[in-house]
Amino acid sequence: MAAPQFTLSVLVCALLICSVTAYPNGRVARSCAGMIPQHNHSPQSDPVHKITVSQMKFKPGDQIKVTLSGPPFRGFLLEARNAEDLSGPPIGTFTLIDSDSSQILTCEDVQGFAVSHTSSSIKTEIKVYWNAPSSAPDHVQFLATVVQKYKIYWVKIPGPVISQPSAPPFTTPEATTQPLTMAPSVSHLTKPFSASECGNKKFCVRSPLNCDPENEPACVFLSFTRENQSVMVEMSGPSDGYVSFAFSHDQWMGDDDAYLCIYEDQTVYIQPSYLTGRSYPVMDSRGTLEDMAWRLADGVIQCSFRRNITLPEAKNRFVLNESYYIFYAEGAAHDGRIFRHSQQPLITYEKYNVTGTPQNVGGSRSSALLKAHGALMFVAWVTTVSTGVLVARFFRSVWSKAFFFGQAAWFQVHRMLMLATSMLTCVAFVLPFVYRAGWSWRAGYHPYLGCIVMTLAVLQPLLATFRPPLHDPRRQVFNWTHWSVGTAARIIAVAAMFLGMDLPGLDLPSPQKTYAMMGFVVWHIGTEVILEIHAYLLSRKVEILDDDRIQILQSLTVAEAEGHVFKKVVLAVYICGNVTFLMIFLSAISHV
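Quick caveat, the model's predicted, so the values are computed rather than measured.

Colleague: A description of the confidence of the model for the chain should follow, citing residues and the corresponding values.
Modeller: Per-chain confidence: the chain averages 85 in pLDDT, with 88% of residues scoring 70 or above. Every residue in residues 1-22 is under pLDDT 50, and counting partners more than four places away or in other chains gives 42 contacts. Contacts of residues 175-183 to residues separated by more than four positions or lying in other chains number 0 contacts, the stretch itself having pLDDT below 50.

This is the structure in structure tokens:
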């Protein structure tokens, strides 16, 4: 069980964000326009890095060496702009000198408009060539954004202004007078949130349903209270990194209006963001939020804020008087950077309008289709197939009388159970593809093993239809093939179930799920061992004890009768145990 957890940890660590727009590979084309890292922190004011050029005059077609240098840094973004309009698009293109430490970016569909880092390794100097275009303005200025650490960075460090030979003298544009944007005020909450008004005044999302954040630290709590044209939001949940929620048009992550409360240095930062898929969220301005407050207590992050129902000036903020699915997720954070949540988000069962009639709703961390998939697979490979194998292996002499179509009863029971296994597997196999609308690349080895199990589950009954007659020379080959395929399917199915139980999409309780599955494996193997030992002892008991044939037959009959009773008792106990394990699994699935 440690392998899937280790794999998941490696994947989570691979998602760690540590550069200009939270990408250590420097592919930060989305920041070309503003040159602002999305790091949830304010930039430093006094630059300590500098930009130098090989010449101060240029004409179209010239190639000028540009050098960015200074104290050690990890990320950067370098551009050239019209010195008289620094808010305009980049000018000219760049050519690399050292492709190991720098790379060309495509901004506004033009390759080479900017240069960035290739990794988060420490650097002290970057050198590139700037190619002057034929339509270059009279004066060009170089700008750089430099990231020393995630929280320490400088935006648009001004470099030298280079001019064309015939250009008039450059004069610095008169700065437009703009009021300083003050950071929104943030206060401390003095007590935990209350659920007493849920369904009356507040629209609440809770997990477990009806939990109370005042008395239960593990309670996941979201509330929305409409006040005229604004909504007061309260969010609380256990986490040592961040808690978040999002409004979504569907039950998939992407194109969502999200809000994060990130714990860092004994402080909680409340940050609106926008989800563009399964990538790092795009952080947005906190100017759209008011009355922000937070509290930390007993491993629980609590935060609240107010926002207007409509925010026409903010394109990524949804209108709150419409219906959406509501997501809640939590995860780890370090140095202000968030990691991908390791647990499936809590998602409401349907869309809700949080500004409408106050309600008290819950959600699930697992899709109904995935629950059905897990339940059907457990029924097939914990109950029907295991019972069918025991019947075929040990009950031929117990139920040897002919049944329907002249076949022995044991064979009819075995065939019925195995066909049920194949049908259940086929139905369960389709459900994850319906849910994902394709292949899941985040499920590890589980789907690959599932495909093998599905193939064997279909192959086994097809092989059985070509079973040779009892005394046919090929019957021995069929018996070994049938046994080998069936045994391989059972072993791989158990391995697939162990891996599947660890997937966040099913979200089964740990470590109970592991103990229950291990208990079933031990239970089944133990039952087979008991029946094997019993069969061996029975064979010894009916050995020839006397030369009198009548006495031998009498001993055989009595011994077999006793053995049949024992086998039936063992099978009954085994089925009861299987049903118990199955109920444990189904109960766990139904509560996620």
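Past the structure itself, the notes keep going.
Colleague: Requested: an account of a nonpolar patch on the surface, with residues and values cited.
Modeller: The grouping of Ile525, Val529, Ile533, Tyr536 and Leu537 at the surface amounts to a nonpolar patch, some 490 Å² of accessible area in total. In this structure, isoleucine 533 sits in helix α6 (residues 512-541). Among the residues examined, isoleucine 533 registers a relative accessible area of 47% and is labelled partly exposed.

Colleague: Can you tell me about the layout of surface pockets, naming the residues and giving the values?
Modeller: One number sums up the size of the second largest pocket: a volume of about 1500 Å³. Lining the second largest pocket are 43 residues, with Ala392, His414, Gln460, His482 and Trp483 sitting closest to its centre. When residues of the lining of the second largest pocket are traced back to their parent elements, those giving at least two are α2 (368-394), α3 (409-436), α4 (446-464), α5 (475-501) and α6. Top contributing element to the lining of the second largest pocket by residue count: α5, with 14 residues.

Colleague: Just give me the short version of the state of the cysteines, but keep the residues and values in it.
Modeller: All told, the structure shown has 4 disulfides when counted by the stated rule. Two residues, cysteine 211 and cysteine 219, share a disulfide whose sulfurs are 1.9 Å apart. Here cysteine 211 and cysteine 219 share a disulfide; its torsion about the S-S bond, 60°, makes the bridge right-handed. Summarising the burial analysis for this pair, cysteine 211 and cysteine 219 share the class buried. What pairs with cysteine 261 in a disulfide is cysteine 303, and their sulfur atoms sit 1.8 Å apart.

Colleague: Help me get a handle on the sheet that holds strand β5 (residues 93-96), residues and values and all.
Modeller: Across the sheet, 4 strands lie side by side as β1-β2-β8-β5; this open sheet has antiparallel pairing. Bordering the open sheet on either side are β1 (50-53) and β5, each of which pairs with just one other strand. The average undirected angle you get between the axes of adjacent strands in this sheet is 30°. Sheet topology note: the β1/strand β2 (residues 63-73) ladder contains 4 bridges and is antiparallel. When the sheet's bridge partners are listed, isoleucine 51 is paired in β2 with leucine 68.

Colleague: For unusual backbone geometry, give the residues involved together with the corresponding values.
Modeller: Glycine aside, the phi torsion of most residues is negative, and most peptide linkages are trans. In this chain, serine 207 is followed by proline 208 through a cis amide linkage whose omega measures 0°. Within the element layout of this structure, proline 208 appears in the loop between β12 (203-207) and β13 (220-227). The phi dihedral of aspartate 291 is positive, around 50°, even though this residue is not glycine. Inspection of the secondary structure assignment puts aspartate 291 in strand β19 (residues 290-297).

Criteria and thresholds
Residues numbered from 1 in each chain as written. Predicted model: local features only at pLDDT ≥ 70, side-chain atom pairs only at ≥ 80, totals over all residues. Heavy atoms only, no water. pLDDT = per-residue confidence, 0-100. Contact = heavy atoms within 4.5 Å. Patch = residues over 30% accessible without salt bridge, like charges linked within 9 Å, V, L, I, M, F, W, Y side chains within 5 Å. Areas by Shrake-Rupley, 256 points an atom, 1.4 Å probe, with all protein chains shown as cover. Salt bridge = Lys/Arg side-chain N within 4 Å of Asp/Glu carboxyl O. Helix = DSSP H or I, 4+ residues; strand = E, 2+ residues; numbered from the N terminus. Buried < 20%, exposed > 50% of the residue type's maximum accessible area, 1.4 Å probe, protein only. 1 Å grid on protein atoms, 1.4 Å probe; cavity = no way out; pocket = protein on both sides within 12 Å on 5 of 7 lines; lining within 4 Å. Points joined across faces, edges and corners; volume = space filled by probe spheres on them. Disulfide = S-S within 2.5 Å. Pairing = 2+ DSSP bridges. Axes fitted to C-alpha atoms, helices over the stretch in contact; angles between N-to-C directions.

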